[in-house]
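# A closer look at the structure
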Amino acid sequence: MERELREQMVSCGASYYQRGYSVGSAGNLSLRLPDGHILATPTNSCLGSLQAERLSKVTMAGEQVTGDRMSKEIAFHLAIYRQRPDCNAIVHLHSTYLTALSCLDGLDPENIIRPFTPYYVMKVGKMPLLPYFKPGSIRIAETLAQHAHEANAFLLANHGPVVLGTSLTEAVNAMDELEETAKLMFLLKDSNVRYLTEAEVSELRP
Ligand SMILES: [Zn+2]
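These remarks concern the structure in this document. (Residues numbered from 1 in each chain as written. Predicted model: local features only at pLDDT ≥ 70, side-chain atom pairs only at ≥ 80, totals over all residues. Heavy atoms only, no water.)

Attention now goes to the pairing of strand E7 (residues 153–156). Alternating residues of E7 divide into Ala153 and Leu155 and Phe154 and Leu156, and every residue in both groups is buried. In terms of strand pairing, strand E6 (residues 129–130) meets E7 through 2 bridges, oriented parallel. Note on E7: the bridge partner recorded for Leu130 is Leu156. Following the chain from E6 across helix H5 (residues 138–147) to the adjacent parallel E7, one finds a crossover that is right-handed. What sits between the antiparallel neighbours E7 and strand E8 (residues 160–165) is a turn of 3 residues, in which Asn158 has the positive phi angle 55 degrees. (Buried < 20%, exposed > 50% of the residue type's maximum accessible area, 1.4 Å probe, protein only. Helix = DSSP H or I, 4+ residues; strand = E, 2+ residues; numbered from the N terminus. Pairing = 2+ DSSP bridges. Right-handed = clockwise from strand over helix to strand, strands pointing away.)

Next up, the structure:
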């Protein structure tokens, strides 16, 4: 089981890198292992060339167990896992369109994306905006822990998205949908968009 999950993380990382969702050493993936530990992409690792046996394995308290040294961003992954027992995987990227969106002023902090496609509503629901803190700051973990129960996707201001899933596949699919939706927002920026009505949105919610 752990073997397969390690391989799955490697292939998801490669897919993000090949599709241009991650450049250099930006972004990190994590998942909850059957033994209760967290498996995560190591510090300064390129998502395009992860190695299954070198992934960081850490305890819920943040102690390194095996693998290469963990990223400092894993602190906020752990903060979410502690609050959300239903969350088994987290994807954090600095992907182009969502990061561009995170740099805009005047966003609705409750839900950044006003629904205009059903897929965003079905796969993501809503995405709150969380305030900017410098990379690695403990305030990122504290803020995510505080809001963890409000949504399955968050946008860190001037930084990038954090997406939760019950599995890595679910988190990856939701992240893909979000990045695509953000891209459409920029494509439609100067257009007269027909947003979904309240009734259309509520019939999509489970
Ligand atoms: Zn980051």
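The rest of the description comes next.
This next bit is on the sheet that holds strand E1 (residues 28–32). One open sheet holds the 8 strands; their spatial order is E4-E3-E2-E1-E5-E8-E7-E6, and the pairing between them is mixed. Pairing within the sheet leaves two strands with one partner each, and these edge strands are strand E4 (64–66) and E6. Bridge analysis of strand E5 (residues 89–92) against E8 gives 4 bridges, and the strand direction is antiparallel. Bridged to Ile90 within E8 is Leu164. The sheet contacts of H5 involve E6, E7 and E8, and relative to E7 the element is tilted by about 150 degrees. (Contact = heavy atoms within 4.5 Å. Axes fitted to C-alpha atoms, helices over the stretch in contact; angles between N-to-C directions.)

Here the structure, examined in full by the defined rule, presents 3 aromatic pairs. Between Tyr97 and Phe186 the ring centres are 6.1 Å apart and the planes differ by 50 degrees, which places this aromatic pair in the tilted class. Here Phe186 lies in helix H6 (residues 168–187) and Tyr97 lies in helix H3 (residues 96–102), a separation of 89 residues in the sequence. Ring plane angle 80 degrees and centroid distance 6.3 Å describe the contact between Phe116 and Tyr195, whose orientation is recorded as edge-to-face. A residue pair is termed long-range when its members are at least 10 positions apart, and Phe116 in the loop between H3 and helix H4 (118–123) and Tyr195 in the loop between H6 and helix H7 (198–202) qualify at 79 residues. Cation over ring: Arg19 sits above Tyr21, and NZ or CZ is 4.5 Å from the ring centre. Above the ring of Tyr195, the side-chain terminus of Arg114 is found at 4.0 Å from the ring centroid. (Phe/Tyr/Trp six-rings, centres within 6.5 Å; stacked < 30°, edge-to-face > 60°. Lys NZ or Arg CZ within 6 Å of the ring centre and 35° of its normal.)

The zinc ion binds to the protein through Glu73 (OE), His92 (NE2), His94 (NE2) and His159 (NE2); the donor distances cover 2.0 to 2.2 Å. Metal-centred angles of 94 to 152 degrees between the 4 donor atoms at the zinc ion mark the site as irregular. Each donor residue of the zinc ion belongs to the same chain, and together they define the spacing E-x18-H-x1-H-x64-H. Of this pair, Glu73 sits in the loop between E4 and helix H2 (74–83) while His159 sits in the loop between E7 and E8, and the two are 86 residues apart along the sequence. Residue Glu73 is classed as buried on the basis of its relative accessible area of 11%. (Donors = N, O, S within 2.8 Å, 3.2 Å for Na, K, Ca; no water. Tetrahedral: all angles 85-135°; square planar, octahedral: opposite > 155°, others 65-115°.)

To continue, consider the pattern of salt bridges. This model, assessed by the stated rule, comprises 10 salt bridges. Here Arg3 makes a salt bridge to Glu7, at a shortest N to O gap of 2.8 Å. Of the two residues, Arg3 and Glu7 both sit in helix H1 (residues 2–18), 4 residues apart, roughly one turn of that helix. The exposure class of Arg3 is partly exposed, given its relative accessible area of 46%. The partner of Arg84 in a salt bridge is Asp86, with the nearest N and O atoms 2.8 Å apart. A relative accessible area of 8% means that Arg84 is categorised as buried. Of the residues examined, Asp86 reaches a relative accessible area of 40% and is grouped as partly exposed. Overlapping salt bridges, with partners in common, bring together Glu2, Arg6, Asp35 and Lys57 in one network. (Salt bridge = Lys/Arg side-chain N within 4 Å of Asp/Glu carboxyl O.)

Treat this as a map of the structure, not an account of what it does.
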